[in-house]
2 protein chains.
Amino acid sequence: MPASVTLSDVAREAGVSLATASRAINGSANRTVRADLRERVLEAAARLRYTPDANAQAMARGRTTSVGLVVHDIADPYFSSIAAGVTRAADREGLQVTLTSTQHDPARESVLVDLLKRQRARAIVIAGGRLDDESINDELRAALADYRAGGGSVALIGQPILGVDAVVVANAQGAADLARALHGRGYRRFAILAGPAHHLTARERSDAFRGALAELGDPVPDDAVVPSAFTHAGGEDAMHHLLRRGDLPELVFAVNDVMALGALAACRESGVRVPDDIALAGFDDISTLRDVVPALTTVRVPLVEVGIAATELALADPSDEPRLTHVPTQVVLRDSTPVR
Amino acid sequence: MPASVTLSDVAREAGVSLATASRAINGSANRTVRADLRERVLEAAARLRYTPDANAQAMARGRTTSVGLVVHDIADPYFSSIAAGVTRAADREGLQVTLTSTQHDPARESVLVDLLKRQRARAIVIAGGRLDDESINDELRAALADYRAGGGSVALIGQPILGVDAVVVANAQGAADLARALHGRGYRRFAILAGPAHHLTARERSDAFRGALAELGDPVPDDAVVPSAFTHAGGEDAMHHLLRRGDLPELVFAVNDVMALGALAACRESGVRVPDDIALAGFDDISTLRDVVPALTTVRVPLVEVGIAATELALADPSDEPRLTHVPTQVVLRDSTPVR
DNA sequence: TTGTAAGCGTTATCAC
DNA sequence: GTGATAACGCTTACAA
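Residues numbered from 1 in each chain as written. Chains lettered and ligands numbered in written order. Predicted model: local features only at pLDDT ≥ 70, side-chain atom pairs only at ≥ 80, totals over all residues. Heavy atoms only, no water.

Under the annotation held in an unreviewed UniProt entry, chain A carries the name LacI family DNA-binding transcriptional regulator and is attributed to Cellulomonas fengjieae.

Asker: Describe the interface of chain A and chain B, listing the residues and the values that go with them.
Answerer: Contact residues are listed per partner, giving 62 residues for chain A and 62 residues for chain B. Approximately 5,400 Å² of surface area, both sides summed, lies buried where chain A meets chain B, with 53% of it carried by carbon and sulfur atoms. For Asp53 of chain B, the salt bridge goes to Arg120 of chain A, with nearest N and O atoms at 3.7 Å. Our count for the contact surface shared by chain A and chain B stands at 19 residue pairs in polar contact (both at pLDDT 80 or more). Where the side of chain A that touches chain B is concerned, the elements lending two or more residues are helix 4 (54-61), helix 5 (77-92), strand 2 (96-101), helix 6 (108-118), helix 7 (134-149) and helix 11 (257-270) of chain A. At eight residues, the largest contribution of residues to the side of chain A that touches chain B is made by helix 5 of chain A. Of the residues assigned to the side of chain A that touches chain B, the class counts are 27 nonpolar, 19 polar and 16 charged. Sheet analysis places strand 2 of chain A next to strand 2 (residues 96-101) of chain B, joined by three bridges and oriented antiparallel. Paired with Val97 of chain A across the strands is Leu99 of chain B, a residue of strand 2 of chain B. (Contact = heavy atoms within 4.5 Å. Buried area = accessible area lost by both parts, 1.4 Å probe. Salt bridge = Lys/Arg side-chain N within 4 Å of Asp/Glu carboxyl O. Polar contact = N/O pair within 3.5 Å; in protein donor to acceptor, adjacent residues only side chain to side chain. Helix = DSSP H or I, 4+ residues; strand = E, 2+ residues; numbered from the N terminus. Nonpolar A, V, L, I, M, F, W, Y, C, P; charged D, E, K, R; others polar. Pairing = 2+ DSSP bridges.)

Asker: Please provide a residue-by-residue account of the protein's contact with DNA strand D, values included.
Answerer: In the region of DNA strand D, 28 residues are neighbours, and Thr20, Arg23 and Arg34 of chain A together with Leu7 and Tyr50 of chain B sit closest. In the interface set of DNA strand D, defined as its atoms within 4 Å of the protein, sugar plus phosphate atoms amount to 62%. Contact distances for DNA strand D include 2.8 Å between a phosphate oxygen and a side-chain N or O atom of Gln57 of chain B. Listed by contribution, the elements that provide at least two residues to the surface near DNA strand D are helix 2 (18-26) and helix 4 of chain A together with helix 2 (18-26) and helix 4 (54-61) of chain B. (Near = heavy atom within 4 Å.)

Asker: Can you tell me about the pattern of salt bridges, naming the residues and giving the values?
Answerer: As enumerated under the stated definition, the model contains 51 salt bridges over all chains in all. With its nearest N and O atoms 2.9 Å apart, the salt bridge here joins Asp277 of chain A to Arg273 of chain A. Exposure remark for Asp277 of chain A: the relative accessible area of 35% places this residue in the partly exposed category. Taking the shortest distance from any N to any O, the salt bridge between Asp36 of chain B and Arg34 of chain B comes out at 2.9 Å. If you follow the salt bridges from partner to partner, you end up with Asp285, Arg290, Arg300 and Arg334 of chain A in one network. (Buried < 20%, exposed > 50% of the residue type's maximum accessible area, 1.4 Å probe, protein only.)

Asker: Pulling in residues and values, what's your account of the pairing of strand 8 (residues 251-254) of chain A?
Answerer: All names here are of chain A. A two-sided burial pattern is seen for strand 8, the buried positions comprising Leu251 and Phe253 on one face and Val252 and Ala254 on the other. Relative to strand 8, strand 6 (residues 190-195) runs parallel, the two being bridged by four bridges. Residue pairing in the sheet places Phe190 in a bridge with Leu251 of strand 8. With helix 11 bridging strand 8 and its parallel neighbour strand 9 (residues 279-281), the resulting β-α-β unit is right-handed. (Right-handed = clockwise from strand over helix to strand, strands pointing away.)

Asker: With reference to specific residues and values, describe the relation of the copies chain A and chain B.
Answerer: With an axial shift of 0.0 Å and an RMSD of 0.0 Å, the rotation relating chain A to chain B amounts to 180°. Expressed as a symmetry operation, the mapping of one chain copy onto the other fits a two-fold axis. Among all C-alpha atoms of chain A, that of Thr98 of chain A lies closest to the rotation axis, at 2.2 Å. A share of 100% of interface residues in chain A that are also interface residues in chain B marks the association as one of identical surfaces. (Least-squares fit on C-alpha atoms with pLDDT ≥ 70 in both.)

Asker: How would you summarise the side chain of Asn256 of chain B if you had to cite specific residues and measurements?
Answerer: All names here are of chain B. Assignment of secondary structure puts Asn256 in the loop between strand 8 (251-254) and helix 11 (257-270). The buried category is assigned to Asn256, whose relative accessible area is 3%. At 3.0 Å, the side chain of Asn256 and the backbone nitrogen of Val258 are in polar contact.

Asker: Quick one: what's the story with the protein's contact with DNA strand C, residue by residue and with numbers?
Answerer: For DNA strand C, the set of nearby residues contains 29 residues, the closest of which are Leu7 and Ser22 of chain A together with Thr20, Arg23 and Leu37 of chain B. Considering DNA strand C, the proportion of its atoms within 4 Å of the protein that are sugar or phosphate atoms stands at 64%. Contact distances for DNA strand C include 3.2 Å between a phosphate oxygen and a backbone N or O atom of Asp53 of chain A. Here a phosphate oxygen of DNA strand C and a side-chain polar atom of Gln57 of chain A are 2.9 Å apart. Secondary-structure elements contributing two or more residues to the surface near DNA strand C are helix 2 and helix 4 of chain A together with helix 2 and helix 4 of chain B. Classifying every residue of the surface near DNA strand C by side-chain character gives 14 nonpolar, eight polar and seven charged.

Asker: Before we move on, can you summarise the packing of helix 2 of chain A against helix 3 (residues 35-48) of chain A with the specific residues and values?
Answerer: Helix packing for two helices is described by the angle between their axes and how far apart those axes are. Residues and elements named next belong to chain A. The contact between helix 2 and helix 3 brings their axes to 9 Å, and the two run at 85°. Considering the angle they form, helix 2 stands roughly perpendicular to helix 3. Along its contact with helix 2, which presents Thr20, Ala21, Ala24 and Ile25, the element helix 3 presents Leu37, Arg38, Val41, Leu42 and Ala45. Of the residues assigned to the contact of helix 2 with helix 3, the class counts are seven nonpolar, one polar and one charged. (Axes fitted to C-alpha atoms, helices over the stretch in contact; angles between N-to-C directions. Parallel < 35°, antiparallel > 145°, perpendicular 65-115°, else oblique.)

Asker: Lay out the environment of Val71 of chain A with the relevant residues and their values.
Answerer: Residues and elements named next belong to chain A. Turning to its location among the elements, Val71 is positioned in strand 1 (residues 66-71). Its relative accessible area of 1% is what places Val71 among the buried residues. For the pair Val71 and Glu109, spaced 38 residues apart in the sequence, the C-alpha separation amounts to 8.3 Å. Other than its neighbours up to four places away in sequence, Val71 contacts Phe79, Leu99, Thr100, Ser101, Thr102 and Ala127.

Asker: Go over the nonpolar core, please, and point to the residues and values.
Answerer: Counting 155 residues, the largest nonpolar core has Phe209 and Met239 of chain A together with Phe209 and Met239 of chain B as the members making the most contacts within it. The residues touching Met239 of chain A, leaving out its near neighbours within four places in the chain, are Leu193, Val252, Ala263, Ala266, Cys267 and Ile278 of chain A. (Core = buried A, V, L, I, M, F, W, Y, C linked by side-chain atoms within 4.5 Å.)

Asker: Report on the sheet that holds strand 7 (residues 225-227) of chain B, specifying residues and quantitative values.
Answerer: Residues and elements named next belong to chain B. Judged by pairing direction, the sheet is parallel, and its four strands sit side by side in the order 7-6-8-9 without closing on themselves. Whereas interior strands pair on both sides, the edge strands pair on one side only; in this sheet they are strand 7 and strand 9 (279-281). If you compare each strand with its neighbour and ignore which way they point, the axes differ by 20° on average.

Asker: Account for the side chain of Ser66 of chain A, naming residues and giving values.
Answerer: Position of Ser66 of chain A among the secondary structure elements: in strand 1. Those residues in contact with Ser66 of chain A, other than ones at most four positions away along the chain, are Gln96, Thr98, Ala121, Arg122 and Ala123 of chain A.

Asker: Break down the pairing of strand 2 of chain A for me, citing the residues and quoting the values.
Answerer: Residues and elements named next belong to chain A. Where burial is concerned, most of strand 2 is hidden: six out of the six residues are buried. Going residue by residue along strand 2, you find Gln96, Thr98 and Thr100 tucked away on one face and Val97, Leu99 and Ser101 tucked away on the opposite face as well. Here six bridges tie strand 1 to strand 2, and the two strands are oriented parallel to one another. From the neighbouring strand, Val71 faces strand 2, where its bridge partner is Ser101. Between strand 1 and its parallel partner strand 2, the chain crosses via helix 5, and the hand of that crossover is right-handed.

Asker: Break down the packing of aromatic side chains for me, with residues and values.
Answerer: All names here are of chain A. Taken as a whole, this structure holds six aromatic pairs over all chains when the rule is applied. Residues Phe209 and Phe253 carry aromatic rings whose centres are separated by 4.2 Å and whose planes lie at 20° to one another, so their mutual orientation is stacked. Placement of the pair is Phe209 in helix 9 (residues 200-215) and Phe253 in strand 8, with a sequence separation of 44 residues. The same class applies to Phe209 and to Phe253, which are both buried. (Phe/Tyr/Trp six-rings, centres within 6.5 Å; stacked < 30°, edge-to-face > 60°.)

Right under this line is the structure:
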């Protein structure tokens, strides 16, 4: 960044010392500046169109004004809603958001934490759910420990297995409630597009859904639980698998809305109508989907609020033990699962 | 950020000078470091878990590694897709993205540019379309001039009216093509949810759509062109207006997909079925919507690529006159506008 | 090839 | 209340 007006320029222009200029402009803590001098400085700053250099300030003050955000894919409405919450909360505190993306590679999370440490981000919000993969978890744990040793604080969204503050979404409760609600609508034969086996959020949702149905006396058979990626393509593939297998269930539960969308695509390709031929439910309540026809039955997760809560957690002054913010979920029955 | 390992620590640990440590770690331009020394330094750095301070590097080098992105709302799939492109392109160059949001207030764009100038972002991508509002444009122009005077470069997505590099989307062509395609499907009586009157993208789409129909001999009457916000709520309100008015058109064109979604919501509330009672088309081809039923007829804008192109433009070495990257659009006919 | 030292633009600690 | 001046952590002439 060549040639920018510096504080020295302003000081010179105003005929005061660097120190006074600094104090006049940021209104330093105790030290106060005589009114007429402050006036002169401010005027000079305006005349010169002076903008303080945030990097220099960060150096001198020992802390930056940026919050790091780690997502898997910002184009995914799940993450972009969370990001909206994070930017809003950061903005309220006068902080900027540094957006980083793993491009769907969970192993990159630790790399991005390192990157954000290098930027000396004040706090980091990690938006992706945890995996049941100790080598990846260990690596992330190490990166986080390292980051926190440098004075940074972290909050993650998902399972609190890393020893840091976390926003915990009531996945199990929501999935169980959903299962009971659908059972109540008369469904008996279910299939599950279950996501990756080692993905804890996927597992919580899938397991709780199955568990609730088992309790109701209509268990989901093993071969009706189809693993897949946690993405649109994953839902599509899993649904195709189900369709090829024949013996269609009455209702398919995809462990997130984006996967449900993939399933919808698969159905369309195969000429299977939703909900006429098969009912479909998702999870998350992605807002973009709220108005589509048929409206998707799902479990609402207040994603923007989750993003806000995570940011607040990450920004709160450090505590010795990890804090948890619990977020409830709520079943939303819509047209994709009509009463049978 | 208290207590981080610094380069001095590493140098001391390795028994070399600061300069040598620096050169060993970043592999300085011409100066080279003897192999054994470099080895020692790298080892010490690893042992101490040293991470360079990007802010300090930025200060010393005179340039940061961050790209600023200005959107209106990151939760809007239009912007999140662009953001995905921006992060991808930035990542390729080893740069970070600083995400800022106006929260739908166009006047805040210039404030955010100032903010990004303060961060000394290397380049800025402005994602929102331009307005026909000279006071706002002037303010933004001034902020940009100021930013560029400090050595920053800018690219915006939309109309090239600010004298900076721009990615120009073929809105008019796409809208005209769409009108002709729909006319070809047998539609004759149209209405337009036109967005804000002063919003240039909205206007381009609306005007071109109208123009093409006029040429075809089926002009859209003035009172069937309903202004509104460029948002979901805007589409919803405008559609309600249209429905209340009675005398339903055969097809409603919303100038973006998110507005079309709002229109869909309004239809549902009023018990009007799409496409049975009324056909609906949008613009942008938001990916989340590709699989919904009824699939929405729209004009595809390659948003991720637009984000990439804008970032590349902003990062390219400065040129004396504004460069333009033109992006074509493509009509996508789907079920929401069946053949009549 | 290595080291010394002068910045980079601020803030903060001192004296005055 | 104001002004030198030393940090902050790094890069990069300039010397050696």
